[in-house]
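Commentary on secondary and tertiary structure
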Amino acid sequence: MKGIKVMGMMRMRMMMMKPHSLIPFRNASAVSYDNHDDDDEMYKPSQKTVANELNKIEPFSLIIPGIGKVEDVKTSCVKLQNGVVLLKNYVSLRDQVELVKTCQEYGMGPGGFYQPITSSGGKLNLRMMCFGRNWDPITKYNSIYRGNDGSEAPPIPPQLVSLAVKSIQDCKAYDDCMPSMEPDICIVNHYSAVTGQLGLHQDRDESKSSLERGLPVVSVSVGDTAKFIYGHSKDVRRANRVLLESGDVLIFGGKSRHVFHGVTKIISNSAPRLLIQQTDLRPGRLNLTFRQY
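Now for a description of the structure that goes with this document. Source: prediction; values computed, not measured.

This part takes up the environment of Tyr174. Tracing the sequence through the fold places Tyr174 in the loop between helix 5 (158-171) and strand 4 (185-192). Owing to a relative accessible area of 46%, Tyr174 belongs among the partly exposed residues under this scheme. Residues contacting Tyr174, with those up to four places away along its chain left out, are Cys77, Lys79 and Leu87.

In structure tokens:
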């Protein structure tokens, strides 16, 4: 019986022990060292001497420098034609991550992503949602509420408006005839890496005033690279071609506001690796187009 009593007391003591944490205390003042202040002196750096400097040990890092570090790629500009400007690598990887998170948040809620139906009854090879004002291939901008679920478009998040406005301002350094624009509409499309495409078309559903003034369309690309075509007619054979990569911003306005444009193909597995790691973005291209009604 005595042995059993001793064993019981040992178990109680073990249960009363605090769990061992691999995470250091956040509040260092709460940790007691039993007044071993004198012992701490032996761990303080000794007086600086030549010998100490020669034997100086470099700090060892568990993180390999440069691996996984998000660095902004140098931005450049290409004036494709009067009124069509491409800002390469304009949106930093950090901001691309935030764009994906914002679109995911709204895209999963009311008025989120859906597959639009055309007037012929077919479906577009993309998923779409709208900020500011609803648009679809049949009713254009005429319906406040979306036909498939009766939802109203959420307002454009301020950070998205700022991105569009700033890109136009920076664009003017390369094309000073590009008009300014305060976007009140943002159409977000996701093109599948397998079937994503959009035929040559013009964006002519905005107001007469907006079109006559040539207020630009700002197109932001995130994710897989798109083979983009543009030209003065619907003849694909005569269209110009350019690759739109993740972080690129394409702006067309002024005399080129009515340029025909489209997407012929999405290049699979071309999105930045770190973007996919930080967002789990599904394969394909996320495209945000801003315009003023």
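This part is about the packing of aromatic side chains. What the rule picks out here adds up to three aromatic pairs. Between Tyr106 and Phe131, the ring centres sit 5.1 Å apart and the planes meet at 80°, which makes this aromatic pair edge-to-face. Within this pair, whereas Tyr106 is found in helix 4 (residues 93-107), its partner Phe131 is found in strand 3 (residues 127-131), the two being separated by 25 residues in sequence. Summarising the aromatic geometry, the rings of Phe228 and Tyr230 are spaced 6.4 Å apart at their centres and angled 25° between planes, so their arrangement reads as stacked. Taken as a pair, Phe228 and Tyr230 share a single burial class, namely buried. The aromatic ring of Tyr293 is capped on one face by Arg133, whose charged end is 3.9 Å from the ring centroid.

A sheet is described by the order of its strands in space; here four strands give the open sequence 5-10-7-8, paired in antiparallel fashion. Both edges of this open sheet fall to strand 5 (198-201) and strand 8 (240-244), since each of them pairs with a single strand only. Shown here is a sheet whose adjacent strand axes are inclined to one another by a mean of 25°, direction ignored.

Turning our eyes to something else, we now look at the side chain of Asn189. Counting through the fold element by element, Asn189 comes out in strand 4. Exposure remark for Asn189: the relative accessible area of 9% places this residue in the buried category. Apart from residues no more than four positions distant in its own chain, Asn189 is found in contact with Leu126, Arg127, Met128, Arg285, Leu286 and Asn287.

A large share of strand 4 lies buried, amounting to seven of its eight residues. As defined by bridge partners, strand 3 adjoins strand 4 across five bridges and the pair is classed as antiparallel. Each bridged residue has a counterpart across the sheet, and for Phe131 the counterpart in strand 4 is Cys186. In the sheet, strand 4 pairs with strand 11 (residues 284-291) via eight bridges, with the strands oriented antiparallel. Directly across from His190, in strand 11, lies its bridge partner Leu286.

Core analysis: the biggest nonpolar cluster contains 35 residues, and Val220, Leu288 and Phe290 have the highest contact counts within it. Here this core gets seven residues from one element, more than from any other, and that element is helix 5. Sequence-distant contacts of Phe290, that is, excluding residues within four places in its chain, are made with Ile156, Leu160, Ala164, Met181, Pro183, Ile185, Cys186, Pro216, Val217, Val218 and Val220. In this structure, Trp135, Tyr230, Leu250 and Val259 belong to the second largest nonpolar core, which totals 25 residues.

Turning next to the sheet that holds strand 4. Strand pairing in a sheet takes place through backbone hydrogen bonds and is either antiparallel or parallel in direction. Sheet architecture is open: seven strands sit in the order 1-2-9-6-11-4-3, paired in antiparallel fashion. Because the sheet does not close on itself, it has two edges, and the strands there are strand 1 (76-81) and strand 3. For this sheet, the mean inter-axis angle between neighbouring strands, taken without regard to orientation, is 15°. Where strand 2 (residues 84-88) meets strand 9 (residues 249-252), four bridges bridge the pair, whose relative direction is antiparallel. Counterpart to Leu87 in the pairing with strand 9 is Val249.

Considering all chains together, one arrives at 10 salt bridges under this definition. Residues Lys88 and Glu245 are paired through a salt bridge, measuring 2.8 Å at the closest nitrogen-oxygen approach. Taken as a pair, Lys88 in strand 2 and Glu245 in the loop between strand 8 and strand 9 lie far apart in primary sequence, 157 residues in all. For Lys88, a relative accessible area of 14% corresponds to the buried category. Shared partners join several salt bridges into a network, and the residues in it are Asp203, Glu206, Arg257 and Arg291.

As a further point, take helix 5. The end-to-end C-alpha separation of helix 5 is 20 Å, in line with the 20 Å expected for 14 residues at 1.5 Å each. Buried within helix 5 are the following residues: Leu160, Val161, Leu163, Ala164, Val165, Ser167, Ile168 and Cys171. Its buried side turned inward, helix 5 meets strand 2, helix 4, strand 3, strand 6 (217-223), strand 9 and strand 11.

What follows is about helix 4. Across its 15 residues, helix 4 extends 20 Å between first and last C-alpha, which sits within 8% of the 21 Å expected from 1.5 Å per residue. Taken as a whole, helix 4 has its buried residues at Leu93, Gln96, Val97, Leu99, Val100, Thr102, Cys103 and Gly107. Of the surrounding secondary structure, the elements contacted by the buried residues of helix 4 are strand 3, helix 5, strand 4, strand 6, helix 7 (273-279) and strand 11.

What counts, and where the lines are drawn
Just so you know, the residues in each chain are numbered from 1, in the order the chain's sequence is written. pLDDT decides what is reported in this predicted model: residues at 70 or higher carry local features, side-chain atom pairs at 80 or more are listed and counted, and totals for whole chains, interfaces and linings draw on all residues regardless. No hydrogens and no water enter the side-chain calculation; it runs on all heavy atoms of the structure. Helix numbering and strand numbering both begin at the N terminus, where a helix is a DSSP run of H or I of at least 4 residues and a strand a DSSP run of E of at least 2. For each residue, the accessible area found with a 1.4 Å probe, counting protein chains only, is set against the maximum for its type, and the residue is called buried under 20%, exposed over 50%, and partly exposed in between. We call two residues in contact when some of their heavy atoms are within 4.5 Å. Each Phe, Tyr or Trp ring (for Trp, its six-membered ring) is paired with any other whose centre lies within 6.5 Å, and the angle between the two planes then decides the class: stacked below 30 degrees, edge-to-face above 60, tilted in between. As a reminder, the over-ring test applies to NZ of lysine and CZ of arginine, requiring each to be within 6 Å of the ring centre and within 35 degrees of the ring normal. The rule for pairing is simple: two strands pair if DSSP sees at least two bridges between them. Axes here mean lines fitted to C-alpha atoms, for a helix over just the part in contact, with angles spanning 0 to 180 degrees between N-to-C directions. Residues belong to one nonpolar core when they are buried, are Ala, Val, Leu, Ile, Met, Phe, Trp, Tyr or Cys, and are joined through side-chain atoms within 4.5 Å. A carboxyl oxygen of Asp or Glu within 4 Å of a side-chain nitrogen of Lys or Arg is what we treat as a salt bridge. Helices are assigned an expected span. That span is 1.5 Å times one less than the residue count.

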